[in-house]
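What the coordinates show
Listed below are the residues making up each chain.
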Amino acid sequence: MSKDFSVKRITAPEIRARKGGAPIVALTAYHAHTARIIDPYVDFLLVGDSLGMVMHGYETTVPVPLELMIMHAQAVVRGSSRALVVVDMPFGSYEESPAVAFRNAARVMKETGAGAIKLEGGVQMAETIRYLADRGIPVMSHIGMTPQAINTIGSFKPRGRYRSEWAAYEADAQAIAEAGAFAVVIEALAELLAARITKQISIPTIGIGASAECDGQILVLEDMLGLSQRVPKFVKEYAQLGAGIENAVKAFASEVRTRAFPTAEYTYPMCDEPEAATKKTKMTGS
């Protein structure tokens, strides 16, 4: 499927306007070819820092550098034409100050052509969100289980399963909505709380391990395709491509070792010499 340059790309304000409307569909994307395949079916593509774990073998998302996010985002933008492309700001690229966050977010937008950035955090990041939004950078936030905070939260366990925790997450959601975020990802948050927050705030909620009541849903593409060895409880595998890839590679290796591949069908036969070259050979007597 080739890229369709006649299609108008979805924008952050259009996603914002979907609050309470038709559910928003989103998936992660890290490559041009997968972006091209899924682009017609989703509303936004997230170039998530989860690529550090999925593609580069990191144990967490913390080591992912800004340059790596930019490189993958460039590929996703090139491979897509319809969906909004949102790029994760990696750990250490935005927390220091609003000014540092703007400098790095502006670099991401300028060098990739993406339409928005995403950062983790609620109340503590509201000032930064407002600073970016006021300066022309659409911001999606991320609350609940925040992977970049793994070294302080200690685990990837679900959050908000005790009512005593609810107020803090509700405050996070309200703060980022008021600060100007156009949407918020809610990850691994108790179903009742995620549904409650969705009703409380004025911007779309995008659930991942949250609630069907959220305004949209997102999954990591490799997880839902059965390409990941271990997936969270909230992942539904819509295909098992990992087994298919293994079987294909096993068959290829077997055919190479038995010289069953390549056959004539996959090689190039000799051709007759061009007529001009034949005449020249006769004239020179060679």
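Description of the structure in this document. (Residues numbered from 1 in each chain as written. Predicted model: local features only at pLDDT ≥ 70, side-chain atom pairs only at ≥ 80, totals over all residues. Heavy atoms only, no water.)

As a further point, take the overall build of the protein chain. Within the protein chain, the regular secondary structure consists of 12 helices and 8 strands. For the protein chain, the C-alpha radius of gyration of 24 Å lies well beyond 19 Å, the compact-globule estimate for 286 residues. Taken over the C-alpha atoms alone, the protein chain extends approximately 95 × 40 × 35 Å along its principal axes. Of all 286 residues assigned to the protein chain, the portion counted as buried reaches 47%. Residue pairs in contact within the protein chain that sit at least 24 positions apart in sequence constitute 58% of those at least 6 positions apart. Accessible area for the protein chain stands at about 15,500 Å²; split by element, carbon and sulfur atoms hold 56% of it. If you average the places of the 30 positive and of the 31 negative side-chain charges in the protein chain, the two averages end up 2 Å apart. (Helix = DSSP H or I, 4+ residues; strand = E, 2+ residues; numbered from the N terminus. Rg over C-alpha atoms; globule rule 2.2 N^0.38 Å. Buried < 20%, exposed > 50% of the residue type's maximum accessible area, 1.4 Å probe, protein only. Contact = heavy atoms within 4.5 Å. Areas by Shrake-Rupley, 256 points an atom, 1.4 Å probe, with all protein chains shown as cover. Lys, Arg positive; Asp, Glu negative; His and termini not counted. Charge placed at Lys NZ, Arg CZ, Asp CG, Glu CD.)

Here we have 8 strands rolled up into a closed barrel, ordered β1-β2-β3-β4-β5-β6-β7-β8, and parallel in their pairing. This sheet shows a mean twist of 25° between the axes of neighbouring strands, independent of strand direction. Pairing between strand β5 (residues 139-144) and strand β6 (residues 183-187): 5 bridges, direction parallel. Note that in β6 the partner of Ile-143 across the bridge is Ile-186. (Pairing = 2+ DSSP bridges. Axes fitted to C-alpha atoms, helices over the stretch in contact; angles between N-to-C directions.)

On to the pattern of salt bridges, then. A complete count under the given rule lists 8 salt bridges for this structure. Across the pair Arg-18 and Asp-43 runs a salt bridge whose closest N-O atoms are separated by 3.2 Å. Of this pair, Arg-18 sits in the loop between α1 (12-16) and β1 (24-28) while Asp-43 sits in the loop between α2 (32-38) and β2 (44-47), and the two are 25 residues apart along the sequence. Asp-215 is the salt-bridge partner of Lys-19, the closest N and O atoms lying 2.9 Å from each other. In this pair, Lys-19 sits in the loop between α1 and β1 while Asp-215 sits in the loop between β7 (205-208) and β8 (216-219), placing the two residues 196 residues apart along the sequence. Each member of the salt-bridge network shares a partner with another, and the members are Arg-18, Asp-43 and Arg-82. (Salt bridge = Lys/Arg side-chain N within 4 Å of Asp/Glu carboxyl O.)

Phe-44 and Ile-117 are the most contacted members of the largest nonpolar core, which totals 80 residues. Beyond its immediate stretch of four places on either side in the chain, Ile-117 contacts Val-86, Val-87, Met-89, Ala-105, Val-108, Met-109, Leu-132, Ile-137, Pro-138, Val-139 and Met-140. (Core = buried A, V, L, I, M, F, W, Y, C linked by side-chain atoms within 4.5 Å.)

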